Each structure stands twice: as C-alpha cells, then as structure tokens.
Amino acid sequence: MLDAFSKVVEQADKKGSYLSDNEINGLSALVSDSNKRLDVVNRLTSNASSIVANAYRALVAERAEIFNAGGACFHNRNQAACIRDLGFVLRYVTYSVLAGDASVMDDRCLNGLRETYQALGTPGDAVASGIKKMKDAAIAIANDSNGITRGDCSQLMSEVASYFDRAAAAVV
C-alpha cells in the first residue's frame, strides 16, 4: 500500500523526473484537506456500529428471502458473517479515506471477495445493496457540517462515495 505522497514520488522516480507543478499542487490540496479527512474518518469510525447495523437491518427488510429459512444467509453464522463483512468494508473505506487511495482496500479487502461470496452461494447483488446502504448513511454522517473543519467537502464526499461504489462493484 502506498499513500498518495509515496505514489507520486514513485511515479516521478520511475520517470526520472522532478515532481511537476500539478503533482505538487495535488499533494498540497491533500495536505490542506487533511483535517477534513480526519474529521470524516473520525465520524465514520465513531458511528461504524450504527452504520453497519442499520444497513444490515435495511438489507434484511429489502431482501428477506435471503435471510429466511432456505436463504443463503439464513443461519446465525451466515448472518454474523454478513455483519462482519459489512464492517470490514466500512473499515477499509476509512483507511482509503485517510490515505486518499483505494489500494489498501483493493489489496486487503476486495481482492477475491466476489469469488468468496459465489462459493458461499451469497448473492453479490445483495451484498452490494448493503454496501450502498452504508454509503448513504456514511455520506449523511460525514457531510454533516456541525462540529467539523469548515470548507467545501464536495470533492471529499465524492471520493468517499467512490470507495463504497468500488466495494459494491467488486462483489457483483
């Protein structure tokens, strides 16, 4: 896993060049937004259990056939695994937000996840729906302007949404 700074340096080193003005400006913007990133990560971490639990409840209501007798997630063990996996995805989203890069999520969370769900007989579209429910809750919590660093957070919220979208796409 490389953070945004390491990636830029590695790319410049491979080219044998100095950092460009655009690269320096991009890193400068990342630094200026660092308090916003920390605020978002703190909010998501502080609300993780409710984000996951509410997404799981909404998923059960939406896709009851999966959780009822005969469904892929009927047994308590499978339901606990569903909640655990939603929590894993949320945790790796927070890591990605902090790093400003999705590679940690790709490498340590999403790689092989679709195949795992296929092997278990768990519908990937149901998992994706749960992830999208977490995304909606996370964006609402993270985008609340009370008690956080002031400024435009639209780009950061778009980035946060992209991590959830990436995770949802990885399971279908």
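Residues numbered from 1 in each chain as written. Predicted model: local features only at pLDDT ≥ 70, side-chain atom pairs only at ≥ 80, totals over all residues. Heavy atoms only, no water.

- The name given to the chain in an unreviewed UniProt entry is Phycocyanin, with the source organism recorded as Scytonema hofmannii PCC 7110.
- What UniProt records for the chain under Sequence similarities (unreviewed entry) is the sentence "Belongs to the phycobiliprotein family."
- The Subcellular location (unreviewed entry) comment attached to the chain in UniProt states, word for word, "Cellular thylakoid membrane". (UniProt positions renumbered as here; feature names shortened; annotations may be inferred.)

Brief notes about the environment of F74
(1) Moving on: As for its position among the elements, F74 is in the loop between α5 (64-67) and α6 (76-99).
(2) Moving on: Exposure remark for F74: the relative accessible area of 34% places this residue in the partly exposed category.
(3) Moving on: In the structure, F74 is positioned 32 residues away from N42 in sequence and 33 Å away in space, judged by C-alpha atoms.
(4) Moving on: Those residues in contact with F74 that lie beyond four places of it in its chain are I66, F67, N68, A69 and Q79. (Helix = DSSP H or I, 4+ residues; strand = E, 2+ residues; numbered from the N terminus. Buried < 20%, exposed > 50% of the residue type's maximum accessible area, 1.4 Å probe, protein only. Contact = heavy atoms within 4.5 Å.)

Some points on the UniProt feature "binding site: (2R,3E)-phycocyanobilin 2" (unreviewed entry) in the chain
(1) Moving on: The feature "binding site: (2R,3E)-phycocyanobilin 2" (unreviewed entry), as given by UniProt, occupies R77 and C82 in the numbering adopted here. Restricting the annotated residues just mentioned to those that line the largest pocket leaves R77 and C82.
(2) Moving on: Looking at where R77 falls in the secondary structure, it is placed in helix α6.
(3) Moving on: Non-local contacts of C82, meaning those with residues more than four positions away in its chain, are made with Y56 and L59. (1 Å grid on protein atoms, 1.4 Å probe; cavity = no way out; pocket = protein on both sides within 12 Å on 5 of 7 lines; lining within 4 Å.)

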